[in-house]
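Here's the letter readout for the chains.
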Amino acid sequence: MRASHMELLDQWRDTVVRDNQRTYVSKLSGKEFEMSLQKTCGDCHSNKAEFCDACHDYTAVQPYCWTCHLEPQEAP
Ligand code: HEC
Ligand code: HEC
Ligand code: HEC
C-alpha cells in the first residue's frame, strides 16, 4: 500500500468512471471491496488529517482529490 496506493486509486477511478464497475476483488485474499475513496479507504483510515495528510505533508505531496470528494468523518 505504501508504494502503490496512488496507482490503485487511479485504477479504481478509471474503472468506476469509464466502465461503471464498482466492485474490486483482491487478487491476494479474494475479498471484495467497493471501489470508493471516501467509503472504503475512509472506513479503515477515518482520520485523514493524521493518517493521509501527515505523510503527504512530510513528503510534500498535495493530492487535489478532496476539492470534490468528501473527507471521511471520524466516528463519534
Ligand atoms: C473535479 C472533481 C474531482 C476531482 C478533483 C477528483 N475526483 Fe474522483 N470522482 C469525481 C466524480 C464526479 C466521480 C464519479 C462519482 C461516482 O460515480 O460515484 C469520481 C469517482 C472517483 C472514484 C470512484 C468512486 C468513489 O466513490 O470513490 C475514485 C476512486 C476517485 N474518483 C478517486 C479520485 C482521486 C484519487 C482523486 C485525486 C487524485 C480524485 N478522484 C479527484 C470527481 C472528482
Ligand atoms: C480493511 C481495512 C483497510 C482498508 C479498506 C484500507 N486500508 Fe490502508 N491500511 C490498513 C492497515 C491495517 C494498514 C497497515 C497499518 C498502518 O500502517 O496503519 C494500512 C496501510 C496503508 C498505507 C501505508 C501506511 C504506511 O505508513 O506505510 C497506506 C498509504 C494506505 N493504507 C492507504 C489506503 C488507501 C488509499 C485505501 C483505499 C484505497 C486503504 N488504505 C484502504 C487497512 C486498510
Ligand atoms: C506513508 C506515507 C503515506 C500515507 C500514509 C498516505 N500517502 Fe498518499 N502518497 C504518498 C506519497 C509519497 C505520494 C507521492 C507518490 C508519487 O508521487 O509517486 C502519495 C500520493 C498520493 C496520491 C496521488 C497524488 C497525485 O496527485 O498524484 C493520492 C491520491 C494519495 N496519495 C492518496 C492517499 C490517501 C487517500 C491516503 C489515506 C487513506 C494516503 N494517500 C496516505 C504517501 C502516503
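Residues numbered from 1 in each chain as written. Chains lettered and ligands numbered in written order. Predicted model: local features only at pLDDT ≥ 70, side-chain atom pairs only at ≥ 80, totals over all residues. Heavy atoms only, no water.

**A closer look at the site of ligand 1**
Inference 1: In the vicinity of ligand 1, 14 residues are found, and the nearest of them are R22, L37, C65, C68 and H69.
Inference 2: Take S36: an N or O atom from its side chain is 3.2 Å from an oxygen atom of ligand 1.
Inference 3: Judged by its atoms lying within 2 Å of the grid points, ligand 1 is housed in the largest pocket.
Inference 4: Counting residues per element, the shell around ligand 1 draws most heavily on helix α1 (residues 5-19), at 5 residues.
Inference 5: Considering only residue class, the shell around ligand 1 consists of 9 nonpolar, 3 polar and 2 charged. (Near = heavy atom within 4 Å. Polar contact = N/O pair within 3.5 Å; in protein donor to acceptor, adjacent residues only side chain to side chain. 1 Å grid on protein atoms, 1.4 Å probe; cavity = no way out; pocket = protein on both sides within 12 Å on 5 of 7 lines; lining within 4 Å. Sits in = over half its atoms within 2 Å of the grid points. Helix = DSSP H or I, 4+ residues; strand = E, 2+ residues; numbered from the N terminus. Nonpolar A, V, L, I, M, F, W, Y, C, P; charged D, E, K, R; others polar.)

**Thoughts on the coordination of the iron atom of ligand 1**
Inference 1: In this structure the iron atom of ligand 1 is ligated by exactly one protein donor, H69 (NE2), at 2.1 Å.
Inference 2: Secondary-structure assignment places H69 in the segment after α3 (49-59). (Donors = N, O, S within 2.8 Å, 3.2 Å for Na, K, Ca; no water.)

**Thoughts on the packing of aromatic side chains**
Inference 1: Applying the stated criterion across every chain yields a total of 1 aromatic pair.
Inference 2: Here the aromatic rings of W12 and Y24 are separated by 5.5 Å at their centres, their planes lie at 50°, and the arrangement is tilted. A residue pair is termed long-range when its members are at least 10 positions apart, and W12 in helix α1 and Y24 in strand β1 (residues 23-25) qualify at 12 residues.
Inference 3: Judged by relative accessible area, which is 7%, W12 ranks as buried.
Inference 4: The partly exposed category is assigned to Y24, whose relative accessible area is 22%. (Phe/Tyr/Trp six-rings, centres within 6.5 Å; stacked < 30°, edge-to-face > 60°. Buried < 20%, exposed > 50% of the residue type's maximum accessible area, 1.4 Å probe, protein only.)

**What to know about the coordination of the iron atom of ligand 3**
Inference 1: Protein coordination of the iron atom of ligand 3 is provided by H5 (NE2) and H56 (NE2), with donor distances spanning 2.0 to 2.1 Å.
Inference 2: Since its relative accessible area comes to 13%, H56 is described here as buried.

**So, the site of ligand 3**
Inference 1: In the region of ligand 3, 14 residues are neighbours, and H5, M6, C52, C55 and H56 sit closest.
Inference 2: In the environment of ligand 3, a nitrogen atom lies 2.9 Å from a nitrogen or oxygen atom belonging to the side chain of H5.
Inference 3: Interatomic distance of 2.8 Å between a side-chain N/O atom of H56 and a nitrogen atom of ligand 3.
Inference 4: The cavity that encloses ligand 3 is the largest pocket.
Inference 5: Broken down by element, the shell around ligand 3 gets its largest block of residues, 5 residues, from α3.
Inference 6: Residue composition of the shell around ligand 3, by class: 10 nonpolar, 4 polar and no charged.

Honestly, it's all geometry; don't read function into it.
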